[in-house]
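Letter by letter, the chains look like this.
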Amino acid sequence: MTNTTAKKWAVDTAHSSVDFSVKHMMISKVKGTFHEFSAEVSADPQDLTGADVSFTIKVNSIDTRSQDRDNHLRSADFFEVETYPEITFRSTNIKKTGEDEYEMTGDVTIKDVTRQETFKVEYEGSGQDPWGNQKVGFTADGKINRKNYGLTWNQTLETGGVLVGEDIKINLQIQAQEA
């Protein structure tokens, strides 16, 4: 079904973020971000049920505040960025769950493995910036299991358990401008 009130939106990467966290040594969490990403969005921000969303993340832009860890994440042990430089998402179904709240299901592709994942999305509002541009804001949260995408490297700890958790929590803060 085509949404006739849908407009094209360009993600403002200077006012947006793609962040993640993962359990480390089973006692704490390591947080990181991807600095390079883009999106193609066609949506009526007042009703996302008819939206079309495509998202691309440049894996090489990963930043966990540790150069050694980032280089390990880029290696064949994890993302293998020379062969698989991007993570992608393409929406397939969006369901309204409350006022300004949605569940967005789509195809996530990491290392040529595609699986359906669902993220909670909240419409944060809209407004006009000082230059007359219409802006909208969204938050998206979800969780994926890294092993489902072939990201299986780990190390057993002497005290029991493992170095890296399986579940990756994802948080997106998105500001977009009418394109």
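As shown above, the structure is provided for reference.
Residue positions within a chain follow its written sequence, with the count starting from 1. The model is predicted, so local features are restricted to residues of pLDDT at least 70 and side-chain atom pairs to those at 80 or more, both for listing and for counting; the totals for chains, interfaces and linings are taken over all residues. Excluded from the side-chain calculation are hydrogens and water; included are all heavy atoms of the structure.

K.L.:
Honestly, the packing of aromatic side chains in this entry has me stumped. Any pointers?
P.N.:
Two aromatic rings are characterised by how far apart their centres lie and by the angle between their planes. Here the aromatic set is Phe, Tyr and Trp, taking the six-membered ring for Trp, and pairing holds for ring centres within 6.5 Å; pairs whose planes are under 30 degrees apart are stacked, those over 60 apart are edge-to-face, and all others are tilted. Evaluated as defined, the whole model comprises five aromatic pairs. Each ring, one from Phe37 and one from Phe55, has its centre 5.8 Å from the other, and the planes form 15°; the classification is stacked. One end of the pair, Phe37, is in strand β4 (residues 37-44); the other, Phe55, is in strand β5 (residues 47-58), with 18 residues separating them in the sequence. Grouping residues by exposure puts Phe37 and Phe55 together as buried. Relative to Phe138, the ring of Tyr123 has its centre 5.6 Å away and its plane inclined at 50°; by these criteria the two rings are tilted. One end of the pair, Tyr123, is in strand β9 (residues 113-128); the other, Phe138, is in strand β10 (residues 134-145), with 15 residues separating them in the sequence. Each of the two residues, Tyr123 as well as Phe138, counts as buried. Clustering of aromatic rings is evident, with ring pairs tying together Phe20, Phe34 and Phe79. Think of it this way: any DSSP run of H or I at least four residues long counts as a helix, any run of E at least two long counts as a strand, and we number them from the N terminus. Relative accessibility thresholds used throughout: buried, under 20% of the residue-type maximum; exposed, over 50%; partly exposed, between the two (1.4 Å probe, protein chains only).

K.L.:
I tried to follow the nonpolar core on my own but got confused; where do I start?
P.N.:
Generally speaking, a soluble globular protein has its nonpolar side chains buried in company with each other. Buried Ala, Val, Leu, Ile, Met, Phe, Trp, Tyr and Cys residues form a nonpolar core when they are joined through side-chain atoms within 4.5 Å. Ranked by size, the top nonpolar core spans 45 residues in total, and within it Phe34, Leu48, Phe55, Phe79 and Ile110 carry the most contacts. Per-element accounting of this core gives the leading share, six residues, to strand β11 (residues 164-178). Only heavy atoms enter the contact rule, under which two residues are in contact if any of them lie within 4.5 Å. Ignoring sequence-local partners within four residues, the contact set of Phe79 consists of Phe34, Val59, Ile62, Leu73, Arg74, Tyr84, Ile87, Ile110, Lys111 and Leu151.

K.L.:
Quick question: what am I supposed to make of a positive patch on the surface here?
P.N.:
Together, Lys23, Lys29, Lys31, Arg65, Arg69, Lys143 and Lys169 line one region of the surface with positive charge. One can find Lys169 in strand β11. Since its relative accessible area comes to 42%, Lys169 is described here as partly exposed. Residues enter patches when they are more than 30% accessible in relative terms and free of salt bridges; like-charged ones are connected within 9 Å and nonpolar ones (Val, Leu, Ile, Met, Phe, Trp, Tyr) within 5 Å. A 1.4 Å probe and the Shrake-Rupley method give the accessible areas. Residues count as covered only by the protein chains that appear here. The term salt bridge refers to a side-chain nitrogen of Lys or Arg lying within 4 Å of a carboxyl oxygen of Asp or Glu. Working convention for charge: Lys and Arg count positive, Asp and Glu count negative, and His plus the chain ends are omitted. One atom stands in for each charge, and that atom is NZ of Lys, CZ of Arg, CG of Asp or CD of Glu.

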